[in-house]
Amino acid sequence: MTQAEHLEIDQKNWAVVLYIILLGPLLEELVFRGLLRFNRKVIAFWGSLLLGGLGWVLSSNSTFKNASVYMVFMSFPVFYIATEYVKTTLHEFWKNHFKVVFHFVAVSFALIHLGNFTNIHNYLWALPLVSIQLILGYFLGFLRIKFGFWYGVGLHIMWNFTFTIISLLDNS
């Protein structure tokens, strides 16, 4: 069962619907498909995100969990400066291992969507639930490389719009 199935539309939930349809796809495309072009800012953001995510996962205290969110923003300049010194090496890695980066992006996109489902006790059995996001991740990656960033954003918005409307109509 997804969280969207519990969504009843009133004034305060319109913001959630707009996030799902517009802001979510834009942010996800920046975070995930941004990695498909070599860019130091995106690499620094991913380093910061991974560091903050690691802090979040390893923290049991809510204060430390909140601190890990700040760690994402505080560590970005450090990662950005550090990438200056290894940008040639990173760029060579990108060129030589692009397939690995591409698969990492598509799989990460699918796995992050496990959070869309509630009452999951065994994530191994939940993987088929995000198989469509895995396929979408590969397709959006292809669009990003072949046609550009905004084509992926546009398709992602249309995808989320379609399934959000279907979910909302099904609830009424």
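Conventions we followed
- Residues numbered from 1 in each chain as written.
- Predicted model: local features only at pLDDT ≥ 70, side-chain atom pairs only at ≥ 80, totals over all residues.
- Heavy atoms only, no water.
- Phe/Tyr/Trp six-rings, centres within 6.5 Å; stacked < 30°, edge-to-face > 60°.
- Helix = DSSP H or I, 4+ residues; strand = E, 2+ residues; numbered from the N terminus.
- Buried < 20%, exposed > 50% of the residue type's maximum accessible area, 1.4 Å probe, protein only.
- Bend = angle between axes of the 7 residues up to and from the residue.
- Axes fitted to C-alpha atoms, helices over the stretch in contact; angles between N-to-C directions.
- Parallel < 35°, antiparallel > 145°, perpendicular 65-115°, else oblique.
- Left-handed = near helix turned anticlockwise from the far one by under 90°.
- Contact = heavy atoms within 4.5 Å.
- Nonpolar A, V, L, I, M, F, W, Y, C, P; charged D, E, K, R; others polar.
- pLDDT = per-residue confidence, 0-100.
- Salt bridge = Lys/Arg side-chain N within 4 Å of Asp/Glu carboxyl O.

Peer 1: Please give an account of the packing of aromatic side chains that cites residues and values.
Peer 2: Summed over all chains, the structure comprises eleven aromatic pairs. Where Phe-76 meets Tyr-80, the ring centres are 6.1 Å apart and the plane angle is 20°; that geometry is what we call stacked. Highlighted residues: Phe-76 and Tyr-80, both in helix α3 (residues 62-85), separated by four residues, approximately one helical turn. Residue Tyr-80 is classed as partly exposed on the basis of its relative accessible area, which comes to 28%. An aromatic cluster of at least three residues, connected via ring pairs, comprises Phe-32, Trp-46, Phe-104 and Phe-109.

Peer 1: I'd love a proper account of helix α1 (residues 13-31), names of residues and values included.
Peer 2: Residue pairs spaced three or four apart in an α-helix point in one direction, given the helix's 3.6 residues per turn. Residue Tyr-19 marks the point of greatest curvature in α1, where the axis turns by about 45°. Among the residues making up α1, those that are buried are Asn-13, Val-17, Ile-21, Gly-24, Pro-25, Glu-29 and Val-31.

Peer 1: Any details on the packing of helix α5 (residues 98-112) against helix α7 (residues 131-146)? Residues and values, ideally.
Peer 2: Relative orientation of the contacting elements α5 and α7 amounts to 135°, with a least axis distance of 8 Å. In terms of orientation, α5 lies oblique with respect to α7. With respect to the hand of their crossing, α5 and α7 are arranged in right-handed fashion. Judged by residue contacts, Phe-98, Phe-102, His-103, Ala-106, Val-107, Phe-109 and Ala-110 of α5 engage Gln-133, Leu-134, Leu-136, Gly-137, Tyr-138, Leu-140, Gly-141, Phe-142 and Ile-145 from α7. Grouping the amino acids of the contact of α5 with α7 by side-chain chemistry returns twelve nonpolar, four polar and no charged.

Peer 1: So what's going on with the confidence of the model for the protein? Which residues, and what values?
Peer 2: Residue-level pLDDT values for the protein average 84, and 91% of them are 70 or greater. Across the protein, element-level confidence peaks in α7 with a mean pLDDT of 94 and bottoms out in helix α6 (residues 123-126) with 72.

Peer 1: Requested: an account of the pattern of salt bridges, with residues and values cited.
Peer 2: For the structure shown, the criterion picks out four salt bridges. Residue Glu-29 pairs with Arg-33 through a salt bridge whose shortest N-O separation is 2.8 Å. For Arg-33, a relative accessible area of 0% gives the class buried. Arg-40 is paired through a salt bridge with Glu-84; the nearest N and O atoms lie 2.8 Å apart. A residue pair is termed long-range when its members are at least 10 positions apart, and Arg-40 in helix α2 (residues 40-58) and Glu-84 in helix α3 qualify at 44 residues. For Arg-40, a relative accessible area of 15% gives the class buried. Residue Glu-84 is classed as partly exposed on the basis of its relative accessible area of 34%. Bridged by salt links that share partners, the residues Arg-40, Glu-84 and Lys-87 form one connected network.

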